[in-house]
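For reference, the chains in residue letters:
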Amino acid sequence: MRKTFRKISLIILIIAFAFCFYPKDRISKADSSVNWKYKGGVITTYWDTMYYDQEARDLVDYMKNIGVNTVAFGVTWYQDSLTSNSIHRHAITGHVKTPTDGSLTSIIDYAHSKGLKVMLIPYLDVVTKTKEEPWRGNINPQDKQKWFENYKNFISHYASLARSRNIEIFCIGAELRLMTVDNSNLSLWQDIQTAIKSQYSGLITYAASWGEGANTEYFNIPKKFWQKLDFLGLNIYPTISRNRIPSISELKLAWQPILRDIQGWQRSIGKSVMFTEIGFRSTEYTALHPGYWNKTYNSLGQFNCYKATFEVLENKNWLFGVLWFEFTFDYHVYGRGKGVGDVGFNPQGKSAENVLKWEYGKMRNEIITAAGPTGGPHVRYFNTKGNPTPTNFFSYHPNFSGGVRIATGDIDGDGVDEIVTGAGPGGSAHVRVFEKNGAWTGLDFWPFGPDFLGGVDVACGDVDGDGIDEIAMSQFSQGQAWIKVYKFNTQRTILGEWNAYGNFEGGAQVALGDVDGDGK
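The rules we used
- Note on numbering: residues in each chain are counted from 1, in written sequence order.
- Local features in this predicted model are restricted to residues of pLDDT 70 or higher, and side-chain atom pairs are both shown and tallied only at a pLDDT of 80 or more, whereas totals for entire chains, interfaces and linings draw on every residue.
- Each side-chain value is derived from all of the structure's non-hydrogen atoms; neither hydrogens nor water enter the calculation.
- Note on conventions: DSSP H or I runs of at least 4 residues are helices, E runs of at least 2 residues are strands, and numbering of each starts at the N terminus.
- Multiplying 1.5 Å by the residue count of a helix minus one yields the expected span of that helix.
- Each residue gets one of three labels from its accessible area relative to the maximum for its type: buried under 20%, exposed over 50%, partly exposed in between, using a 1.4 Å probe on protein chains only.
- Any two residues whose heavy atoms approach within 4.5 Å at even a single point are treated as in contact.
- Within this scheme, the nonpolar core is defined by two criteria: the residues are buried Ala, Val, Leu, Ile, Met, Phe, Trp, Tyr or Cys, and they are joined through side-chain atoms within 4.5 Å.
- Strand pairing is defined by DSSP finding a minimum of two bridges between the two strands.
- Orientation is described by lines fitted to C-alpha atoms, with helices fitted over the stretch in contact, and by angles between N-to-C directions that extend from 0 to 180 degrees.
- What pLDDT reports is the predictor's confidence in each residue, on a scale of 0 through 100.
- What makes a salt bridge here is a side-chain nitrogen of Lys or Arg within 4 Å of a carboxyl oxygen of Asp or Glu, nothing more.

Moving on, we come to helix α5 (residues 186–199). With 14 residues, α5 should cover 20 Å at 1.5 Å per step; its first-to-last C-alpha distance of 21 Å lies within 8% of that length. Every buried residue belonging to α5 is among Leu186, Leu188, Trp189, Ile192, Gln193, Ala195 and Ile196, and all of these are buried. Along its buried surface, α5 packs onto α3 (144–164), β6 (169–174), α4 (177–180) and β7 (203–209).

Below, the structure written as C-alpha cells:
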C-alpha cells in the first residue's frame, strides 16, 4: 500500500494540534526490531564480471543502509543435463554466467569493509537452451560415485576461497533434493562435510528446499546428514494464501502449521534454523507458490507477506537468521519508485522495502508537529520518546497566528520525505514545501487563490502509481470544499480538481490512502 492516512491529529496543550506520521505502509510499532543474529539478503549474478562492477558495490551499500547485516553471495556452476556426472563453470562465448573468482573475492572484500557478514552459496544448475531451466532438485546422475567426486572438487574450491576471505558462513549446497533424501548417499555427503571442515573453520550449513508433497526435501533428509553442520538451512517458499491480495491476518494464520512443522523438525535434530532463502514476488497471488508466475504487478501482496512473516517470526528463539531472496542489480539505487512495475522477488523501491527498514531498525520516523488555530507557524520535530530534535522552523511569517496544516511525503522521488504545510484559517491559502532539514524547496502554491482566507488542508500519497507522492489540497474552512491534486514540479501540474460537497460551505479535510489495494 503506497500510503495509508499519513496523518493522525493529536491535541497538544488544548490549543494546538500535532500530526504524527506513522511509518510508510501501515508499519506502526513504536520500537520494532527482530533479534536474529543474521539479518540478510541474497545476491546472485549470472555474469562473470558483474561482482566487479560499481553497481555491485552500490547494491551492498544499499543493503547495509536498510539494516541488513549479512549478505549471501551466490555463484553457480552447471551440469549438462539432470543425469550428467560432470560439473563445470558456465563457459559459453559471449555470455559466461559463472562469476570469476576475482570478481567474487572483490565483492566479498567490499562487503567486509562495510562491516557486513558474508555467506557464500555455491549453486548447481542445469545448462539449458530453453527459457525454463530444469530444477536442481531433480538432478539424478547416472554415476553417483563419479558425480560426488566432481561435486566434492567443486564445493572444496569455494570452501578454500571462503577460508582465504574469512567468510563467516559457507553453504555446501542448495536444493539438491534427490541427492540428499536418498539414504544411500549419506556417507558420500559426510565425506564432503569432513573435507570442508578440514579446510574451513567458519560456520557450515546446507540449504534444503521446503517443497510441498513429493517435493519436500528438508523433512526427508536423514538426520545424520546434519550432524557435522552448524545449523539447519532452509529455502522456504510456502503456499500461505490462494487469494489475489492476501491480508496480513490471513497470512499469519496460514504460517502457524508451517512453523509448527519446522519447529518439530528443528527439535528432532537439535540445531538452530536459518531461512537461507525466503521471498515473495510483487505480483497478485504472490503467496500462492513461487512457481506460479503471475505478471500482474502489485506491491501490496508482497508487502503483506513481508509484514506477516516478520510478525510470526519475531520471537522464535530457534531461528538463527533470515536471508531475503533476492536483491537485484536492476534497482540498486536509493529512492522509492525504482522498482515499481517490476514483478520479481526484489523488495527494492517497493513497499516491502519499508518493512525491512523498519524491522531492521533503519526506519524510525520523526514526529512532526505544527500549531493549530491561534498558534504560530512553528514546525517542530520530536523523536519517538518525545524529545525535540534540533530541526525546527517557521513555515510562514512568525506573526501569522492561524496555525498550520501539515503532511509528509516523498514528492520528488529521492527516498526522503518532504514536509508540506498549508496555512490555517486567516491567512491566504498558501501551501509550501520544505526539505527534511527545514530548508524551503522553492515550491509553493496558492491552490484557491491568494484572496481565499479559509485555510488549506494538505495530504500526500501516490495517486498515479508512479512511486512518487502527489499533494492533495482542500479548502479547510469556508468555501465550497474544493479539492485539488498536484504533482511536484515547477509547472504545478494539476492531476484533478473537484467540489467534494456541492454547495456546502464548511470546507473539507483531505487524506490519501490505497483503499482498493491497487497500489495507488
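So, about the nonpolar core. The biggest cluster of nonpolar side chains holds 92 residues, and the ones touching the most others in it are Phe73 and Phe275. Among the elements that make up this core, the one with the highest residue count is α3 (nine residues). With residues up to four places along the chain from it excluded, the contact list for phenylalanine 275 reads Leu234, Ile236, Trp255, Ile262, Leu313, Leu319, Gly321, Val322 and Leu323.

So, about the sheet that holds strand β17 (residues 440–445). With antiparallel pairing, the four strands of this open sheet are ordered in space as β14-β15-β16-β17. Of all strands in the sheet, those with a lone pairing partner are β14 (404–409) and β17, marking the two edges. Each strand of the sheet is rotated relative to its neighbour by a mean of 20°, with strand direction disregarded. Alignment of β14 against strand β15 (residues 418–423), held across six bridges, turns out to be antiparallel. Note that in β15 the partner of threonine 408 across the bridge is isoleucine 419.

Next up on the list: the confidence of the model for the protein. In the predicted model, the protein carries a mean pLDDT of 85, and 87% of its residues have values of at least 70. Here residues 1–32 scores under 50 on pLDDT; set against residues more than four positions off or in separate chains, the count is 124 contacts. Across residues 331–337 the pLDDT falls below 50, and counting only partners more than four positions away or on other chains, this stretch makes 30 contacts in the model.

Below, the discussion takes up the pattern of salt bridges. Counted according to the given criterion, the structure contains 16 salt bridges. Lysine 197 is the salt-bridge partner of aspartate 230, the closest N and O atoms lying 3.7 Å from each other. Residue aspartate 230 is located in the loop between β7 and β8 (232–236), and its partner lysine 197 is located in helix α5; the two are separated by 33 residues in the primary sequence. The class of aspartate 230 is partly exposed, set by a relative accessible area of 33%. Note that lysine 484 is salt-bridged to glutamate 497, the shortest N-O span being 3.8 Å. In this pair, lysine 484 is assigned in strand β20 (residues 482–486) and glutamate 497 in strand β21 (residues 494–499), connecting sequence segments 13 residues apart. When salt bridges that share partners are traced, they join Asp125, Arg136 and Glu175 into one network.

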